[in-house]
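Here are the chains, one letter per residue:
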2 protein chains.
Amino acid sequence: MGLLVIGSIVLDNIETPFSKVENALGGSCTYVSLAASYFTSPMHVVGVVGDDFPKKYIDMLENHNIQLDGLQVVEGGKTFRYGCKYRYDLNVRDTLFTDLNVFQDFRPEIPERWKKDSFVILGNIAPTLQLFVLDQLENAQFVVCDTMNFWIEGMKNELLKVLKRVDVLIINDSEARLLTNEPNLIKAAGLIMKMGPKYLIIKKGEHGALLFGENTIFSAPAYPLENIFDPTGAGDAFAGGFTGYLHKTRDLSFDNLKRAVIYGSTIASFCVEKFSTERLEELDKLQIHDRFVEFRELSHFDDNG
Amino acid sequence: MGLLVIGSIVLDNIETPFSKVENALGGSCTYVSLAASYFTSPMHVVGVVGDDFPKKYIDMLENHNIQLDGLQVVEGGKTFRYGCKYRYDLNVRDTLFTDLNVFQDFRPEIPERWKKDSFVILGNIAPTLQLFVLDQLENAQFVVCDTMNFWIEGMKNELLKVLKRVDVLIINDSEARLLTNEPNLIKAAGLIMKMGPKYLIIKKGEHGALLFGENTIFSAPAYPLENIFDPTGAGDAFAGGFTGYLHKTRDLSFDNLKRAVIYGSTIASFCVEKFSTERLEELDKLQIHDRFVEFRELSHFDDNG
């Protein structure tokens, strides 16, 4: 059975202090499924594009064992387009435009034979759509969910309904604080766990990530990157690597979730090394393994003092 | 031989959202030497107070194997006094007053028989005073140095002279960025290493700490604290625990420096649990060991997937 991925597929215009790119492949669905493709297969993607969506991107995704039976192509429609510009330290990005286009009326219909998929990633889309997806699934055993400040502020009630039905929520630190109105991250995590998720991952950018289980915490370091070329998609790549590894291993112990967090961090650290999905298109398993080992060396110590 | 500690001894008025305290024991010398006292002995303290300095504090410090032969007591003088108020999330503190008093004219004269001490902690005092100390030492084998934004902005040339002569610089992330004018912490660290220190520790508060050696990085997690009662002195406690452990073990390998960073983090995590030095006065070695083990569980993962 495949790994079901629901989210956006976007054509991005991205400007960083170093360079810029137009009509680059983007969107949560894209980054998630490409990242996951290095661990497991097949990915079952449900998304929507217009008939302007470049054939080369379809080919590239299919070459990564990403199945697109659930991709809706709207005749005469235009693909979701997003433009942003990063400030000098890459920590803040200003949105230049958001043209939802065909994504405005997206209804994520799951193809019949994918409804039995047990591993699901709900990318960062409206909580109403996330609920619409969950209602179609007969066999969801492990649901990983992303969200963002826009939904926390604008659709909190619907988001809370989603949270009761997911196994892992992945958000960043400012979103965790926003969701709970609690400045202390550890307390905020405790409050979010009470909202429903069995596990919570709080991403902290250059400071790594925290994984919370019942009465357990794991702190993952960030990979020390001197040069971040384009931060776009790093969070989605994390979610894809994390869930892809779990889908492959089918081991939902906390120890294995820790490893999954490191694999997610590994893929995210590669993602930001080039524009758009470029780096995620060309990885190999040895590179991923080597960086996983680097993460261990970065964070381990022994007590044989 | 002892562990030489030079720094301030202060009477603090501290106000947090939870409570407040007046004339509490504070200052870098105090926190550093108390923290170190759980790992090694004796501490050789060089500092200055007025004759208003409470006898009970002297007794408490001496009970922790802290030797005060280098403590200058100025007849008719008043002890350095500092007042601050923390904002609601404890991340920002506003200074209410800084009365340097006898500290204004402090000249850290090292007692003759301590000049051979090989381990030295230069607490956060003026770089000119740090240089004055280094000039008196005949045998400094391992010098750990703290500083702050005030000296980076006001005495940068003198600070750069200090950095050429220290083994470990301990600063926080905003100070590292200020010192180098570089937003990327990893790049900033590289620039600071070129200024002289063999090792660099960048403290990141709730995000842990980074230890940099030549071509090596160690990322230490923060202990997940739900309730921080008073952040005052945490950085000094870190420096004391770190250096105290190294002074005890006399092992300056990178692997042992990693452990020292975890012991520093351990002591700092205790420090913030109560006001002032209260928690640092009452620790025992079992508590410290247990928390060290918790740090390992917090950050370790294995690859037997």
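Residues numbered from 1 in each chain as written. Chains lettered and ligands numbered in written order. Predicted model: local features only at pLDDT ≥ 70, side-chain atom pairs only at ≥ 80, totals over all residues. Heavy atoms only, no water.

A. Focus on the overall build of chain A. Check the secondary structure of chain A and you find 11 helices and 13 strands. In terms of overall dimensions, chain A has a C-alpha envelope of 65 × 45 × 35 Å along the principal axes. Looking at chain A residue by residue over its 305 residues, the buried ones come to 60%. A sequence separation of at least 24 residues applies to 64% of the contacts in chain A between residues at least 6 apart. For chain A, the separation between the mean place of its 31 positive charges and that of its 42 negative charges on side chains is 4 Å. (Helix = DSSP H or I, 4+ residues; strand = E, 2+ residues; numbered from the N terminus. Buried < 20%, exposed > 50% of the residue type's maximum accessible area, 1.4 Å probe, protein only. Contact = heavy atoms within 4.5 Å. Lys, Arg positive; Asp, Glu negative; His and termini not counted. Charge placed at Lys NZ, Arg CZ, Asp CG, Glu CD.)

B. Representation of the side chain of aspartate 230 of chain A. Residues and elements named next belong to chain A. Of note, aspartate 230 is situated in the loop between β13 (216–220) and α8 (234–249). Despite its burial, aspartate 230 pairs with no opposite charge; the closest candidate is arginine 93, at 6.4 Å N-O. Within the structure, aspartate 230 has its side chain in polar contact with the backbone nitrogen of serine 276 (distance 3.0 Å). Excluding residues within four positions of it along the chain, aspartate 230 makes contact with Ile14, Thr16, Tyr86, Cys271, Val272, Lys274, Phe275 and Ser276. (Salt bridge = Lys/Arg side-chain N within 4 Å of Asp/Glu carboxyl O. Polar contact = N/O pair within 3.5 Å; in protein donor to acceptor, adjacent residues only side chain to side chain.)

C. The packing of helix α9 (residues 254–271) of chain A against helix α11 (residues 285–299) of chain A, seen in detail. Residue and element names in this part refer to chain A. Orientation of α9 relative to α11, taken along the N-to-C sense of each, is 115°, at an axis distance of 9 Å. The way α9 lies across α11 gives a crossing that is right-handed. Here α9 contributes Arg259, Ile262, Tyr263, Ser265, Thr266, Ile267, Ser269 and Phe270 to the contact with α11, which in turn contributes Gln287, Ile288, Arg291, Phe292 and Phe295. When grouped by side-chain class, the residues that make up the contact of α9 with α11 number seven nonpolar, four polar and two charged. (Axes fitted to C-alpha atoms, helices over the stretch in contact; angles between N-to-C directions. Left-handed = near helix turned anticlockwise from the far one by under 90°. Nonpolar A, V, L, I, M, F, W, Y, C, P; charged D, E, K, R; others polar.)

D. Layout of the packing of aromatic side chains. All names here are of chain A. Applying the stated criterion across every chain yields a total of 32 aromatic pairs over all chains. Plain terms: the ring middles of phenylalanine 39 and tyrosine 245 are 6.4 Å apart, the flat faces sit at 85° to each other, and that makes the pair edge-to-face. Residue phenylalanine 39 is found in the loop between α1 (28–36) and β4 (43–50), and its partner tyrosine 245 is found in helix α8; the two are separated by 206 residues along the sequence. Residue classification places phenylalanine 39 among the buried residues on the basis of a relative accessible area of 10%. (Phe/Tyr/Trp six-rings, centres within 6.5 Å; stacked < 30°, edge-to-face > 60°.)

E. Region of the structure containing the relation of the copies chain A and chain B. When chain A is fitted to chain B, the residual RMSD is 0.0 Å, and the transformation amounts to a turn of 180° plus an axial shift of 0.0 Å. The symmetry that links the two subunits is that of a two-fold axis. Taken as a fraction of all interface residues of chain A, those also at the interface in chain B reach 100%, which identifies the copy contact as same-surface. (Least-squares fit on C-alpha atoms with pLDDT ≥ 70 in both.)

F. How the structure looks around the confidence of the model for chain A. The predicted model of chain A has a mean per-residue pLDDT of 95, with 99% of residues at 70 or higher. Model confidence for the complex is summarised by a pTM of 0.94, with the ipTM given as 0.92. (pLDDT = per-residue confidence, 0-100.)

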